[in-house]
Structures are given as structure tokens and as C-alpha cells.
Amino acid sequence: MSRLSLLLVTAVAPAVWGTTYATTTLLLPPDRPLLAATLRALPAGLLLLAVGRRLPRGSWWWRATVLGALNIGVFFALLFLAAYRLPGGVAATLGAVQPLVVAGLSALVLHERVRARTVVAGLVGVVGVALLVLRASARLDTVGVVAGLVATGAMALGLVLTRRWGRPVGLLTATAWQLTAGGLLLVPVLLVAEGLPTHLTGRNLAGFAYLTLVGTALAYALWFRGLERLSPTHVSFLGLLSPLVATAVGVLALGERLTPWQVLGAALALAGLVAAQLPSRATRRATREAAGAVAGRGWAGRMAGCE
């Protein structure tokens, strides 16, 4: 699979996550964010675990727990705390900082070089998302801001460690470990903070089924697949698609209207995303050299066949 094809397939995950807001608004019970988070992660993890039929071994017990906590449990819990205490635009803007955090952690942990273009693209993406979703009436809350930033940092570290540690089993099984671990960590938080619902409607069940099967099981499998083959920095920039898709769904499904500033913000966020995916000069040179070497071997083989 070419790099472009891999990027497009991986991009399906944040695009699907961009439909979460509309799904929550139209199908899920109100004021139940932790229930939504738990029912997204745990059933999807158990389903994939039943398919893979394999539990972690050795060091992968604690590694899977750490990755599940960072990518799912801690991230979801703090994200919803931030969403409760901050306007949605502020929370989304904090999340847009993730590519810059991933770039810094990749330099420290994976020894990847941070390019100036990556930093500029990250800043452009943050400004774009801010223009797209931030409102002038938005108010900052210290606890909410800290929760949003820690959530962003937790998932950023989870992405980098996922790339560094790799996986000892198939993709779906490795995804199952993380989702199950993260979901189990969310259960006590759900019971203490919200409790269990007294009843769920058919509409609620349809919404949870979509989030579990499509928004989590499928989306995270594609996300982790892209992460093991692409740079964590490049993958994290794809997360800018979530607010873009959420805005588009809001316009098409919920009848929302965009202001000129929001249109500019969408254009900037998209520009930052695309700029971050462009290969570096060294990568392009290496690709040309590899293509030339392959062509040279082919020519030499044809010449040898003529002798």
C-alpha cells in the first residue's frame, strides 16, 4: 500500500470520530458522557478480544494497561471533564495542540527530527481549529483547561509509546487489549460520577452500537494500523479532521451555519494538515534513489539475459 493510500485509510478514524458530536446529540441520552465513553471502549474491546482469543503475556500485561490508560481510559475521562467545564470550542482547540506535543515527544522518545514545517503546520492547525469552533463568549476554567491539556498529553504519549513498543500480536488483538484495559479503568469512574442508567431507548442503543462498532472498534484498528507504519507526528495531524468533519456534519445534519471566520478556520486547519503530510526533501531524495536502484537492477538483469 502506498503512503498516500495508508494516510487516506488512517484518516477514516478521525473522520468517523468527527461524527461523535452529532451521534451524541441525536441518539444518546443527555448528560451521560462517561457512560458513552465506557460503552464505546469496553464492549468494542471485549468483542475484538473474543475474535482474537489471546491475552497479553509477560511485559505486555503492564504495557497494554499503560497504553489503554493513556489512549483510552485517562484520555476519555479527562476529555469529558474538560467538555463539561469548558465550551466545546475551547476543548477542541486544546485538542488541536496534540500534533505539536506528539512532535516534541517523538523527538525525545523516538529521536525523530522536528522540522520547522511541522511546527508551522501545527500552529496553523491550532489557529484554524480555534477560528472554526471557538466563540467570543467562551470562558476559561482552570480545572477544565488543565484536564484538556493533560488529556491531550496523555494520548500524545500513548501514540508515541504505541509506535515505540510495536505489537507482539495481530492488529485487532492489540487494539482489543488497549480498548479493554481503558474501558475497565473507566468503569469505576462511571459508577462513582454518573451511575448506571435506569433505561435506554432503542435510539440510544442504536447510537451506542454505532459508536462501539464503527467509532471505536473499526476506527481505532485503522488508527493503530496507520500509527505502526507512519510517523506519530503525521498520524496526529490527521486528528484535525475531527473538528472539520464535526462542523460539516453540523451544517448538513443539524442545520448549522458557518460564518466567514469559520470558513477561514476550516481552510487553515486543512492547510496545516496537508502541509504536515508532505514528505521532506530527504524522503523525496531517498525515494528517487530507491526507484533508480530498482530500475538499475532491472536494466542490468535484462542486459545479463541478453548475454
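Residues numbered from 1 in each chain as written. Predicted model: local features only at pLDDT ≥ 70, side-chain atom pairs only at ≥ 80, totals over all residues. Heavy atoms only, no water.

Regarding the overall build of the protein chain
Then comes step 1: Helix and strand content of the protein chain: 14 helices and 0 strands.
Then comes step 2: Along the chain direction, N to C, the helices and strands of the protein chain fall in the order α-α-α-α-α-α-α-α-α-α-α-α-α-α.
Then comes step 3: In the protein chain, which comprises 307 residues, the share counted as buried stands at 45%.
Then comes step 4: Summarising the internal contacts of the protein chain: among those between residues at least 6 apart in sequence, 91% fall at separations of at least 24.
Then comes step 5: When the accessible area of the protein chain is evaluated, it comes to approximately 15300 Å², of which 68% is carbon and sulfur surface. (Helix = DSSP H or I, 4+ residues; strand = E, 2+ residues; numbered from the N terminus. Buried < 20%, exposed > 50% of the residue type's maximum accessible area, 1.4 Å probe, protein only. Contact = heavy atoms within 4.5 Å. Areas by Shrake-Rupley, 256 points an atom, 1.4 Å probe, with all protein chains shown as cover.)

Focus on a nonpolar patch on the surface
Then comes step 1: A grouping of Leu47, Val51, Leu172 and Leu213 is seen on the molecular surface, where their side chains present a nonpolar patch of about 350 Å² in accessible area.
Then comes step 2: As for its placement among the helices and strands, Leu172 is situated in helix α9 (residues 171-193).
Then comes step 3: Here Leu172 falls in the partly exposed class, since its relative accessible area comes to 41%. (Patch = residues over 30% accessible without salt bridge, like charges linked within 9 Å, V, L, I, M, F, W, Y side chains within 5 Å. Salt bridge = Lys/Arg side-chain N within 4 Å of Asp/Glu carboxyl O.)

Some points on the nonpolar core
Soluble globular proteins tend to pack their nonpolar side chains together in the buried interior.
Then comes step 1: Residues Phe76, Tyr220 and Trp223 are the most contacted members of the largest nonpolar core, which totals 63 residues.
Then comes step 2: For Trp223, the residues in contact, after removing those within four places along its chain, are Thr10, Ala13, Pro14, Trp17, Met155, Leu159, Val235, Ser236, Leu238 and Gly239.
Then comes step 3: Of all hydrophobic cores here, the second largest spans 5 residues; its members include Ala82, Val90, Leu94 and Ala147. (Core = buried A, V, L, I, M, F, W, Y, C linked by side-chain atoms within 4.5 Å.)

Some points on the pattern of salt bridges
For side chains bearing opposite charge, pairing can occur when the charged atoms are close.
Then comes step 1: Enumeration according to the criterion identifies 2 salt bridges in this entry.
Then comes step 2: Taking the shortest distance from any N to any O, the salt bridge between Glu194 and Arg32 comes out at 4.0 Å. In this pair, Glu194 sits in the loop between α9 and α10 (202-229) while Arg32 sits in the loop between α2 (20-27) and α3 (33-52), placing the two residues 162 residues apart along the sequence.

What about the environment of Leu218?
Then comes step 1: Assignment of secondary structure puts Leu218 in helix α10.
Then comes step 2: Along the sequence, Leu218 and Leu172 sit 46 residues apart, while their C-alpha atoms lie 9.2 Å from each other.

Comments concerning helix α7 (residues 116-133)
Then comes step 1: Across its 18 residues, α7 extends 26 Å between first and last C-alpha, which sits within 8% of the 26 Å expected from 1.5 Å per residue.
Then comes step 2: Within α7, the full set of buried residues consists of Thr118, Ala121, Gly122, Gly125, Val126, Gly128, Val129, Ala130, Leu132 and Val133. (Expected span 1.5 Å × (residues − 1).)

Considerations on the side chain of Asn204
Then comes step 1: Relative to the assigned elements, Asn204 resides in helix α10.
Then comes step 2: Each residue touching Asn204, except ones within four places of it in the same chain, is listed here: Leu27, Leu28 and Pro29.

Describing the environment of Phe80
Then comes step 1: Among the secondary structure elements, Phe80 is positioned in helix α4 (residues 60-85).
Then comes step 2: Through-space distance from the C-alpha of Phe80 to that of Ala147 is 8.8 Å; in sequence the pair is 67 residues apart.
Then comes step 3: Setting aside residues no more than four positions away along its own chain, Phe80 makes contact with Pro33, Leu34 and Ala37.

A closer look at the confidence of the model for the protein chain
Low-pLDDT portions of the prediction should not be read for the details of their coordinates.
Then comes step 1: Put simply, the protein chain has an average pLDDT of 85, and 88% of its residues get 70 or more.
Then comes step 2: Helix α14 (residues 281-306) is the least confidently modelled element of the protein chain, averaging 48 in pLDDT, while α9 averages 94, the highest of any element.
Then comes step 3: For the stretch residues 299-307, pLDDT sits under 50, and the model shows 0 contacts to residues farther than four places along the chain or on other chains. (pLDDT = per-residue confidence, 0-100.)

Focus: the packing of helix α1 (residues 3-17) against helix α12 (residues 241-253)
Then comes step 1: Remark: α1 packs on α12, axes separated minimally by 7 Å, with the N-to-C direction vectors making an angle of 50°. Taken as axis vectors, α1 and α12 run oblique relative to one another. For the pair α1 and α12, the sense of crossing is right-handed. Between α1 and α12, the contacting residues are Ala11, Pro14, Ala15 and Trp17 on the first element and Leu241, Ser242 and Val245 on the second. (Axes fitted to C-alpha atoms, helices over the stretch in contact; angles between N-to-C directions. Parallel < 35°, antiparallel > 145°, perpendicular 65-115°, else oblique. Left-handed = near helix turned anticlockwise from the far one by under 90°.)

Thoughts on the packing of aromatic side chains
Then comes step 1: All told, the structure shown has 6 aromatic pairs when counted by the stated rule.
Then comes step 2: Judged by centre distance (5.1 Å) and plane angle (65°), the rings of Trp17 and Trp223 are edge-to-face. On the criterion of sequence distance, the pair formed by Trp17 in helix α1 and Trp223 in helix α10 is long-range, its members being 206 residues apart.
Then comes step 3: We classify Trp223 as buried; its relative accessible area is 2%.
Then comes step 4: Aromatic pair Trp60 and Trp177: ring centres 6.2 Å apart, planes at 45°, arrangement tilted. Here Trp177 lies in helix α9 and Trp60 lies in helix α4, a separation of 117 residues in the sequence. The exposure classification of Trp60 matches that of Trp177, with both residues buried. (Phe/Tyr/Trp six-rings, centres within 6.5 Å; stacked < 30°, edge-to-face > 60°.)

Focus on the packing of α4 against helix α8 (residues 142-165)
Then comes step 1: Contact geometry for α4 and α8: axes closest at 8 Å, N-to-C directions at 155°. It follows that α4 is roughly antiparallel to α8 by the angle criterion. When you trace α4 past α8, the crossing you get is left-handed.
Then comes step 2: A per-class count over the contact of α4 with α8 returns 21 nonpolar, 5 polar and 2 charged. (Nonpolar A, V, L, I, M, F, W, Y, C, P; charged D, E, K, R; others polar.)

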